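Given next are the chains, with one letter for each unit.
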Amino acid sequence: MKKNKKYRWGMKLATLVLSSSVLFSTIETASAASYTVKSGDSLWKIASQQGVSYQSLMKWNNLSSPTIHVGQKLNLNSPTMSTPKPTTNIVQIAKQHLGVKYTFGGSKPSTGFDCSGYVTYVFNNAGISTARKTAAGFYNTSKKVSTPKVGDLVFFANTYKAGISHVGIYIGNNQMINASNSGVNIANLNSSYWKQHFVGYGRI
């Protein structure tokens, strides 16, 4: 009888410890959705550390300028999205710019895009912070994957110059969206031209 009581007490204690562990884990996760500004911080620095764009942080915190102050609390997630879905955002934002003209070195819709400028713009506006790179730069810094997911990068070589020379964004169904000579468009990776120059997929 005494053994049974000790057993039941031990089970209750174990349950209490487990419940407390789950509770503190939940609190820790919730607190990770906000950030308190420290001395030396800038909005760009915080955005880079969190893997989002500073524009997203401004939007999520209703900021009219990127100026922040010590002690200020910032939301690190969109208030309308409890679970961010960056790959969905990537495709949505990428398609918003279909038809924008091609401009060598271009990186914004008002003046036009080249392939890597387009990728940089789309990713940053989808909340995935990345520096401006060339197609080869994206290739060198991405994780190579054999089975692409929506939002992965597609690389090509020897298009207008030797080596990695073009990059697009995979949108599923063996298609990509990219900025080429005809502007921002959706292309089939099975087409003879793209198959001829295809190198592989990358993830950032």
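Parameters and conventions
Residues numbered from 1 in each chain as written. Predicted model: local features only at pLDDT ≥ 70, side-chain atom pairs only at ≥ 80, totals over all residues. Heavy atoms only, no water. Helix = DSSP H or I, 4+ residues; strand = E, 2+ residues; numbered from the N terminus. Buried < 20%, exposed > 50% of the residue type's maximum accessible area, 1.4 Å probe, protein only. Contact = heavy atoms within 4.5 Å. Areas by Shrake-Rupley, 256 points an atom, 1.4 Å probe, with all protein chains shown as cover. Phe/Tyr/Trp six-rings, centres within 6.5 Å; stacked < 30°, edge-to-face > 60°. Lys NZ or Arg CZ within 6 Å of the ring centre and 35° of its normal. Pairing = 2+ DSSP bridges. Core = buried A, V, L, I, M, F, W, Y, C linked by side-chain atoms within 4.5 Å. pLDDT = per-residue confidence, 0-100. Arc of directions from axis to C-beta.

**Focus: the overall build of the protein**
Thought 1: When helices and strands are tallied, the protein shows seven helices and ten strands.
Thought 2: Taken over 204 residues, the protein has a buried fraction of 39%.
Thought 3: Taking as baseline every contact in the protein between residues at least 6 positions apart, the subset at least 24 positions apart corresponds to 50%.
Thought 4: Of the accessible surface of the protein, which amounts to about 12,300 Å², a share of 56% is contributed by carbon and sulfur atoms.

**Looking at the packing of aromatic side chains**
Thought 1: The tally for this structure, following the rule as stated, stands at nine aromatic pairs.
Thought 2: A centroid spacing of 5.8 Å and a plane angle of 75° characterise the contact between Tyr170 and Tyr201, whose relative ring orientation is edge-to-face. One end of the pair, Tyr170, is in strand β7 (residues 164-172); the other, Tyr201, is in strand β10 (residues 198-203), with 31 residues separating them in the sequence.
Thought 3: The class of Tyr170 is buried, set by a relative accessible area of 9%.
Thought 4: The class for Tyr201 is buried, based on a relative accessible area of 12%.
Thought 5: Chaining the aromatic ring pairs together yields one cluster made of Phe156, Tyr170, Tyr193, Trp194, Phe198 and Tyr201.
Thought 6: When the ring centre of Tyr139 is taken as origin, the NZ or CZ atom of Lys144, which lies over that ring, is 4.4 Å away.

**A closer look at the pairing of strand β8 (residues 175-180)**
Thought 1: Extensive coverage of β8 is indicated by the burial of five of its six residues.
Thought 2: Bridge count between β7 and β8: three bridges; the pairing is antiparallel. Residue pairing across strands places Ile169 opposite Ile177, the latter belonging to β8.
Thought 3: Between the antiparallel neighbours β7 and β8 lie two residues, among them Asn173 with a positive phi of about 55°.
Thought 4: Relative to strand β9 (residues 183-188), β8 is paired through six bridges, and the arrangement is antiparallel.

**Thoughts on the nonpolar core**
Soluble globular proteins: nonpolar side chains tend toward being buried together.
Thought 1: Core analysis: the largest hydrophobic core is formed by 25 residues, its most contacted members being Tyr118, Leu153 and Ile169.
Thought 2: Listed in part, the 13 residues of the second largest apolar core include Val37, Val52, Trp60 and Leu76.

**Focus on the pairing of β7**
Thought 1: Here β7 lies mainly inside the structure; nine of its nine residues are buried.
Thought 2: Relative to β7, strand β6 (residues 153-157) runs antiparallel, the two being bridged by five bridges. Across the sheet, Phe156 pairs through a bridge with His166, a residue of β7.
Thought 3: Taken together, β6 and the strand that follows it, β7, pair antiparallel across an intervening segment of six residues, in which Asn158 is found at a positive phi of about 60°.

**So, the side chain of His197**
Thought 1: Position of His197 relative to the elements: it lies in helix α7 (residues 192-197).
Thought 2: Among all residues touching His197, those that are not within four sequence positions of it are Phe155, Phe156, Ala157, Asn158 and Thr159.

**Regarding helix α5 (residues 115-125)**
Thought 1: With respect to burial, α5 is a largely interior element, nine of its eleven residues being buried.
Thought 2: Three or more residues of α5 are buried, namely Cys115, Ser116, Gly117, Tyr118, Val119, Thr120, Val122, Phe123 and Asn124.

**Some words on the confidence of the model for the protein**
Thought 1: Across the protein, the average pLDDT comes to 82, with 78% of residues at 70 or higher.
Thought 2: Mean pLDDT across the elements of the protein bottoms out in helix α1 (residues 2-31) (41) and peaks in β6 (98).
Thought 3: Here residues 9-32 scores under 50 on pLDDT; set against residues more than four positions off or in separate chains, the count is one contact.

**Some details on helix α2 (residues 43-50)**
Thought 1: When we look at burial in α2, the residues that qualify are Leu43, Ile46 and Ala47. Along the axis of α2, the buried residues cluster in a sector spanning 100°; they form a single face.
Thought 2: Looking at the buried side of α2, the elements it contacts are β1 (34-36), α3 (54-60) and β2 (73-75).

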